[in-house]
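# Observations on the model geometry
Here is how the chains run, residue by residue.
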Amino acid sequence: MSAFLMFLILAPLLAVGVAFNILGAVALYRFPDVYTRMHGTTKCTTFGTLFIAFGALAWSLGRLAATGDGRFITMALHVGVAAVALLVTNATGAHAIARAAHRSGVGPRQAVVDRLAEDRRKGGEA
Amino acid sequence: MNVFLFSWSAGILGVAAVLVLGRLVGGPTIPDRVVALDTMNTLAVAIMILLAVVYDSVVMVDVAVVYAALSFVTTLFIARHLEGGTGR
């Protein structure tokens with residue numbers, strides 16, 4: 001596989017990944033409260049890092065096709081493991097932070113209705 | 001060859017991580033800081049994967065996996081502490 005063809009595959013993947021990661025970083029400043037910030041950053045950085053992992057996967061598969069070195073199979077597998085670990089842990093961690101933030105009394109700003117707070121005020125274990 | 005793409009991406013993501021540092025230091029509430037820390041951890045994992053390609057070392061990807069797991073444990077620990085009291 002020629003280097004130019006590899007460039008045509010790698011450049012869009014890495015560009016999408018870097019763009020979404022930067023959008024996630026900017027979202028921390030452009031949103032008013034914790035929940036909307038979390039919505040912006042978690043989704044954008046997870047998606048962007050997934051695409052960066054795809055870029056590393058494509059690079060190692062391309063090197064494998066070019067050289068036939070078994071080291072690049074290991075690299076591709078480990079990048080896949082990293083992507084799966086990131087997908088699982090980011091979603092769960094964001095949910096835990098949101099739950100803890102609401103329970104510690106940090107409410108959503110500029111929100112018209114907060115059904116979870118209403119339910120908990122009524123005494124239900126929400 | 002195409003490695004410069006990965007090194008430049010890592011540099012740009014480093015700038016983004018420094019950008020996140022502002023919210024980590026000056027966040028109004030503690031959950032804001034936790035969200036910023038989580039974002040920085042994800043960015044660090046991305047930078048580690050990129051640098052693994054740049055330096056052509058598989059070990060750095062393993063470090064990224066362990067870092068992701070440890071940051072998850074940290075996030076859960078801080079969340080449990082924020083909720084207060086015993087676990088349910």
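Here the structure is a predicted model, which is why all the values come from computation and not from measurement. (Residues numbered from 1 in each chain as written. Chains lettered and ligands numbered in written order. Predicted model: local features only at pLDDT ≥ 70, side-chain atom pairs only at ≥ 80, totals over all residues. Heavy atoms only, no water.)

### Some remarks on the overall build of chain A
Condition: Only DSSP runs of H or I covering at least 4 residues are called helices, and only runs of E covering at least 2 are called strands; the numbering of each starts at the N terminus. Here the globule rule reads 2.2 Å times residues to the power 0.38, and the radius of gyration is calculated from C-alpha atoms. The criterion used for residue contact is that any of the two residues' heavy atoms lie within 4.5 Å. Charged residues are defined here as Lys and Arg on the positive side and Asp and Glu on the negative side; His and the ends of the chain fall outside this count. Charge positions are represented by NZ for Lys, CZ for Arg, CG for Asp and CD for Glu.
Looking only at helices and strands, chain A has four helices and zero strands in total. The helix and strand sequence of chain A, counted from the amino end, reads α-α-α-α. Taking 2.2 N^0.38 as the reference for a compact globule, 126 residues should give roughly 14 Å; the C-alpha atoms of chain A span a radius of gyration of 20 Å, well beyond that estimate. Principal axes of the C-alpha set define a box for chain A whose edges measure 65 × 30 × 15 Å. Within chain A, counting contacts between residues at least 6 apart in sequence, those at least 24 apart form 57% of the total. Taken as two groups, the 12 positive and 6 negative side-chain charges of chain A have centres that lie 5 Å from each other.

### Considerations on the overall build of chain B
Put simply, the rule is: Burial classes follow relative accessibility: with a 1.4 Å probe on protein chains only, a residue under 20% of its type's maximum area counts as buried, one over 50% as exposed, and anything between as partly exposed. In short, Shrake-Rupley with a 1.4 Å probe defines the accessible areas, and a residue's cover is counted only from the protein chains shown.
When its secondary structure is counted, chain B shows three helices and zero strands. Its helices and strands taken in sequence order, chain B reads α-α-α from the N to the C terminus. On C-alpha atoms alone, chain B measures out to a radius of gyration of 16 Å, which is more than a quarter above the 12 Å that the 2.2 N^0.38 rule sets for 88 residues. The 88 residues of chain B split such that 45% are buried. A fraction of 45% describes how many contacts in chain B between residues 6 or more apart in sequence connect residues 24 or more apart. When the accessible surface of chain B is totalled, it reaches about 4200 Å², and 75% of it is carbon and sulfur. Side chains of chain B carry 4 positive and 5 negative charges; the gap between the two charge centres is 17 Å.

### Let's talk about the environment of B:Thr42
With respect to the helices and strands, B:Thr42 occurs in helix H2 (residues 30-55). Classification of B:Thr42 by relative accessible area gives buried; the value is 3%. Among residues more than four places away in sequence, those in contact with B:Thr42 are A:Thr45, A:Thr49, A:Leu86 and A:Asn90.

### Structural notes on helix H1 (residues 3-26) of chain B
To keep things clear, this is the line we draw: The span one expects for a helix is its residue count, reduced by one, times 1.5 Å.
The end-to-end C-alpha distance of H1(B), which contains 24 residues, comes to 36 Å, matching closely the 34 Å that a straight helix rising 1.5 Å per residue would cover. Buried within H1(B) we find B:Leu5, B:Phe6, B:Ser9, B:Ala10, B:Leu13, B:Ala16, B:Ala17, B:Val20 and B:Arg23. Considering only its buried residues, H1(B) is in contact with helix H1 (3-30) and helix H2 (34-67) of chain A together with H2 of chain B.

### Quick notes on the packing of H2(A) against H2(B)
Two numbers describe a pair of packed helices, the interaxial angle and the distance between the axes. Using the following cut-off: The axes used here are C-alpha line fits, helices contributing only the stretch in contact, and every angle between their N-to-C directions lies in the interval 0 to 180 degrees. For classification purposes, angles smaller than 35 degrees are called roughly parallel, those larger than 145 roughly antiparallel, those between 65 and 115 roughly perpendicular, and all remaining angles oblique. In this classification, Asp, Glu, Lys and Arg are treated as charged, Ala, Val, Leu, Ile, Met, Phe, Trp, Tyr, Cys and Pro as nonpolar, and every other residue, Gly included, as polar.
Two elements in contact, H2(A) and H2(B), have axes whose closest approach is 10 Å; the angle formed by their N-to-C orientations is 10°. As the angle between them shows, H2(A) and H2(B) are arranged roughly parallel. In this structure, H2(A) uses A:Val34, A:Arg37, A:Met38, A:Thr41, A:Thr45, A:Thr49, A:Ile52, A:Ala53, A:Ala56 and A:Trp59 to contact H2(B), whose residues at the interface are B:Pro31, B:Asp32, B:Val35, B:Thr39, B:Thr42, B:Ala46, B:Ile49, B:Leu50 and B:Val53. A class-by-class count of the residues in the contact of H2(A) with H2(B) yields 12 nonpolar, five polar and two charged.

### Let's talk about the packing of H2(A) against helix H3 (residues 71-103) of chain A
Residues and elements named next belong to chain A. Where H2 contacts H3, the axes come no closer than 8 Å and their chain directions differ by 175°. If you check the angle between H2 and H3, you find them roughly antiparallel. For the contact of H2 with H3, the class distribution of residues is 21 nonpolar, seven polar and one charged.

### Let's talk about the interface of chain B and chain A
To keep things clear, this is the line we draw: Put simply, a salt bridge is a Lys or Arg side-chain nitrogen that is within 4 Å of an Asp or Glu carboxyl oxygen. In protein, a polar contact means a hydrogen-donor-capable atom and an acceptor-capable atom, both N or O and within 3.5 Å, with residues adjacent in sequence counting only if both atoms are side-chain atoms; elsewhere, any N or O pair within 3.5 Å suffices.
Every contact between the two is made by 46 residues of chain B and, on the other side, 48 residues of chain A. There are three salt bridges connecting chain B and chain A. For A:Arg37, the salt bridge is made with B:Asp32, and the minimal N-O distance between the two is 2.6 Å. Our count for the contact surface shared by chain B and chain A stands at 10 residue pairs in polar contact (both at pLDDT 80 or more). Every element with two or more residues in the side of chain B that touches chain A is listed here: H1, H2 and helix H3 (59-83) of chain B. No other element matches the 15 residues that H2(B) contributes to the side of chain B that touches chain A. Partitioned by chemical class, the residues of the side of chain B that touches chain A number 30 nonpolar, eight polar and eight charged.

### Quick look at unusual backbone geometry
Residues and elements named next belong to chain B. Here the phi dihedral of Asp56 falls at roughly 60°; this positive angle occurs in a residue that is not glycine. As for its position among the elements, Asp56 is in the loop between H2 and H3. The partly exposed category is assigned to Asp56, whose relative accessible area is 30%.

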